[in-house]
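A look at the structure
Given next are the chains, with one letter for each unit.
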Amino acid sequence: MATFFLALFAVMVGFFCGCTSVGGILLIPAIVVFSALGMHQAMATALFSFALMAVLGTWLHHRKGSIDWMQAIPLCFGAFLFGFIGAKANMYLSPVWLKYILAVQIIFAGLNVLRPLQKSCFNVTNCPMNVQRLALFLLGGFAGFMAGLTGIGGPVISVPFMISMGFPPLYSVAMAQPFQGVACTSGSIANMLSGSIDYGMAAWITVLELIGFYVGIIAAYRMNAQRLKTIIAYLCIVTGGYLLLGNM
């Protein structure tokens, strides 16, 4: 029964990621609750599973011409450098601290999704291109580090931040796909070296995520994505609260 619920979560997470790019962060608590893996292994396994989903997302968005590769390169380069460092740092933190860091990130993600998209904290889109690329490199480094540290895919941080920096929502979602692929690959290399990944679980979880992700991409053009974002935001907040207050 536990495996069934974990499989259901994998499809659901893939679907949410396909529709809105937010939702992958919910997989880690599901793995901890519905399997025998501890927090370290759950984070490593989830991060590994997100890589192929990012490849599919990159291909689909590239076909639509939604990715500016000249801006994606600095974002991905920052993720590649710091994703590995974050995954290494994961090995030196206790599961309790990782749980709290993950919980705060989940709540932060939910609150950011609920923020009005029109508000921009620091608009860099009117700055010279070299300033934009530097900002994207720094964002890629920060989000990549947190992806490696906690096992999240990365878009849950990069997308809200890019929107707050003045980039259009759809563009931010599209750019998050190659970024996620690089961040997941970089972090997973460190996790492979430490033997933290459950490859058997990652294999079937990835297949189910890809199914949900593809359906989510299709559904995104047929439903109110903002309403779905609101649902996911509250799911993030509730899940983060459970992690902070529960005994997981």
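Here is a short report on the structure shown in this document. (Residues numbered from 1 in each chain as written. Predicted model: local features only at pLDDT ≥ 70, side-chain atom pairs only at ≥ 80, totals over all residues. Heavy atoms only, no water.)

**Describing the overall build of the chain**
- Looking only at helices and strands, the chain features 10 helices and 0 strands.
- For the C-alpha atoms alone, the extent of the chain along its principal axes is close to 50 × 40 × 35 Å.
- Classification of the 248 residues of the chain by burial places 53% in the buried group.
- Within the chain, residue pairs in contact and separated by at least 24 positions form 83% of the contacts whose partners lie at least 6 positions apart.
- Roughly 10,800 Å² of accessible area belongs to the chain as shown, and the carbon and sulfur atoms make up 73% of that amount. (Helix = DSSP H or I, 4+ residues; strand = E, 2+ residues; numbered from the N terminus. Buried < 20%, exposed > 50% of the residue type's maximum accessible area, 1.4 Å probe, protein only. Contact = heavy atoms within 4.5 Å. Areas by Shrake-Rupley, 256 points an atom, 1.4 Å probe, with all protein chains shown as cover.)

**Observations concerning helix α5 (residues 95-114)**
- Across its 20 residues, α5 extends 29 Å between first and last C-alpha, which sits within 8% of the 28 Å expected from 1.5 Å per residue.
- When we look at burial in α5, the residues that qualify are L98, K99, L102, A103, Q105, I106, A109, G110, N112 and V113. (Expected span 1.5 Å × (residues − 1).)

**Some words on the nonpolar core**
- By size, the foremost hydrophobic cluster in this structure holds 65 residues, and its most contacted members are I25, L27, I28, I31, L102, I152 and M162.
- No other element matches helix α3 (residues 39-63), which puts 10 residues into this core.
- Residues in contact with I25, not counting those within four places in the same chain, are L102, Q105, I106, I152, V156 and C236. (Core = buried A, V, L, I, M, F, W, Y, C linked by side-chain atoms within 4.5 Å.)

**Remarks on the packing of aromatic side chains**
- Following the criterion strictly, the structure yields 9 aromatic pairs and no others.
- Ring centres 6.0 Å apart and planes at 70° place the aromatic pair F142 and F161 in the edge-to-face group. With F142 in helix α6 (residues 129-150) and F161 in helix α7 (residues 155-164), this pair connects stretches of sequence that are 19 residues apart.
- Here the aromatic cluster, defined as three or more aromatic residues joined through ring pairs, consists of F4, F5, F9 and F34. (Phe/Tyr/Trp six-rings, centres within 6.5 Å; stacked < 30°, edge-to-face > 60°.)

**Focus: the packing of α3 against helix α9 (residues 199-220)**
- At a closest axis distance of 8 Å, the pairing of α3 and α9 adopts a crossing angle of 30°. Considering their axes alone, α3 and α9 lie roughly parallel with respect to each other. Between α3 and α9 lies a crossing of right-handed hand. Residues T45, F48, S49, F50, L52, M53, L56, G57, L60 and H61 of α3 pack against Y199, M201, A202, I205, T206, E209, L210, F213 and I217 of α9.
- Class assignment for the residues of the contact of α3 with α9 results in 13 nonpolar, 5 polar and 1 charged. (Axes fitted to C-alpha atoms, helices over the stretch in contact; angles between N-to-C directions. Parallel < 35°, antiparallel > 145°, perpendicular 65-115°, else oblique. Left-handed = near helix turned anticlockwise from the far one by under 90°. Nonpolar A, V, L, I, M, F, W, Y, C, P; charged D, E, K, R; others polar.)

**Regarding the side chain of T45**
- Looking at the secondary structure, you find T45 in helix α3.
- Leave out the neighbours within four places in its chain, and T45 touches L37, S196, I197, D198, M201 and A202.

**Section: helix α1 (residues 2-20)**
- Compared with an ideal rise of 1.5 Å per residue, which puts 19 residues at 27 Å, α1 spans 27 Å between its outermost C-alpha atoms and is within 8% of the ideal.
- Turning to α1, its buried residues are L6, A7, A10, V13, G14, F16, C17, G18, C19 and T20.
- Taken from the residues just after α1, S21 is the one with a positive phi, measuring 75°.

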